[in-house]
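Coordinate analysis (summary)
Spelled out from the first residue to the last, the chains are:
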Amino acid sequence: MFTRKLLQAGLLFGAIFTTGYLLADDHEGGGSRSLAPVTQPKWQAECASCHMLYHPGLLPERSWRKLMGGLDKHFGENASLDKLTQQEILQFLVANSADHNGSRRSEKIASSIPAQATPLRITETAYFQHKHDEISASVWKRPKIGSQSNCIACHSGAEKGNFSEDYVRIPR
Amino acid sequence: MTKTFWLILLILSANAQAASPAEALQGYTAQAKQENPAYKAPSASKGDVFFHATHQLGNGTSVSCATCHTANPRQPGKTRANKEILPMAPSANTQRFTDAAKTEKWFRRNCQDVLERTCTAQEKSDFIAYLLSVK
């Protein structure tokens, strides 16, 4: 019981620390091309059991708010969380979202989305479509890929926010 | 009335600390007996049927627990988004049913997705009994 409390305190401290670190990083390293790797224990534990972990810098704040507000009907599946965990993850996603993290890549994603649109998918954005317009439909359906949403099949560094051309490899 | 309340609380708190599949099974069995005094003991064969039974959803698709977890619980399964799910049988994956909050969370989600309702404690207890029986 005591060790559990200690562990919880540790997790909380870790979360506060990483958030603080990221915010500080924003001021100093703003404008960098790639998405900075981010960590948050609840996000990592809850948002990667059904698919890869999508970097918060891939969608704007309004998208994350809408997505996190509808977890009980998440793309046809129930991904609901308890209120506290849901709030904690939402805060983290918002703080590092495409309109708040300061990287060039995020700025481009955010500006490719019309102001009145709130996409729930990264794959819906004009930025994504444009970057992948040379990949044919049959490639997306390969067994090792499955769909456009499975970034990590081709971008091995996707969960860390690394989409650099040097790390792209399309599996056969 | 208050007696039942404390009993349920006791079961829930015992449940919340379950750290092994056997303890998880015990917790759900106790809860099942509370819900239905005629329930005697968990049944692995009923759990087997429950695990493989397909259900027709409102939108026309058929789904079962085995859709994602595969028909053989010693094998890894796959989510709809193409991510691997580690085996469900504790004999093939020692992490299974060692975190009561996690177990409850997935029962809540997956029962809603497959059965379009919550699962009873009896179904949960039979389900775990079946998975424990798979060697």
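For the structure, see preceding data.
Presented here is a report on the structure given in the accompanying data block. The structure displayed is predicted, hence computed values, not measured ones. (Residues numbered from 1 in each chain as written. Chains lettered and ligands numbered in written order. Predicted model: local features only at pLDDT ≥ 70, side-chain atom pairs only at ≥ 80, totals over all residues. Heavy atoms only, no water.)

All right, on to the overall build of chain A then. When you go through chain A residue by residue, the secondary structure sums to seven helices and zero strands. Traced from its N-terminal end to its C-terminal end, chain A shows the element sequence α-α-α-α-α-α-α. Taken across its 172 residues, chain A has 38% of its residues classed as buried. For chain A, the proportion of contacts with a sequence separation of at least 24, taken over those separated by at least 6, is 60%. (Helix = DSSP H or I, 4+ residues; strand = E, 2+ residues; numbered from the N terminus. Buried < 20%, exposed > 50% of the residue type's maximum accessible area, 1.4 Å probe, protein only. Contact = heavy atoms within 4.5 Å.)

Another point: the state of the cysteines. By definition, a disulfide links the sulfur atoms of two cysteines through a covalent bond. Counted according to the given criterion, the structure contains one disulfide over all chains. At a sulfur-sulfur separation of 2.0 Å, the disulfide partner of Cys111 of chain B is Cys119 of chain B. Disulfide Cys111 of chain B to Cys119 of chain B: torsion about the S-S bond roughly -95°, handedness left-handed. This pair shows no difference in class: Cys111 of chain B is buried, exactly as Cys119 of chain B is. Considering cysteine sulfurs only, Cys154 of chain A is the nearest to Cys151 of chain A, which forms no disulfide, with 8.9 Å between them. Classification of Cys151 of chain A by relative accessible area gives buried; the value is 12%. With a relative accessible area of 13%, Cys154 of chain A lands in the buried category. (Disulfide = S-S within 2.5 Å.)

Another aspect to go through is helix H6 (residues 121–133) of chain B. Residues and elements named next belong to chain B. With 13 residues, H6 ought to run about 18 Å at 1.5 Å a step, and its terminal C-alpha atoms sit 18 Å apart, in line with that. The element H6 is extensively covered by neighbouring structure, given that ten of its 13 residues are classed as buried. Three or more residues of H6 are buried, namely Ala121, Glu123, Lys124, Ser125, Asp126, Phe127, Ile128, Ala129, Tyr130 and Leu131. Lining the buried residues of H6 we find helix H2 (21–35), helix H3 (44–52), helix H4 (65–69) and helix H5 (100–115). (Expected span 1.5 Å × (residues − 1).)

Residue and element names in this part refer to chain A. In this structure, Trp43, Trp64, Met68 and Leu93 are the most contacted members of the largest nonpolar core, which totals 31 residues. Within the residue set of this core, elements represented by two or more residues are helix H3 (61–68), helix H4 (83–95), helix H6 (126–131) and helix H7 (137–140). For this core, the element with the most residues is H4, which contributes five residues. Residues in contact with Met68, not counting those within four places in the same chain, are Leu81, Gln86, Ile89, Leu90 and Leu93. (Core = buried A, V, L, I, M, F, W, Y, C linked by side-chain atoms within 4.5 Å.)

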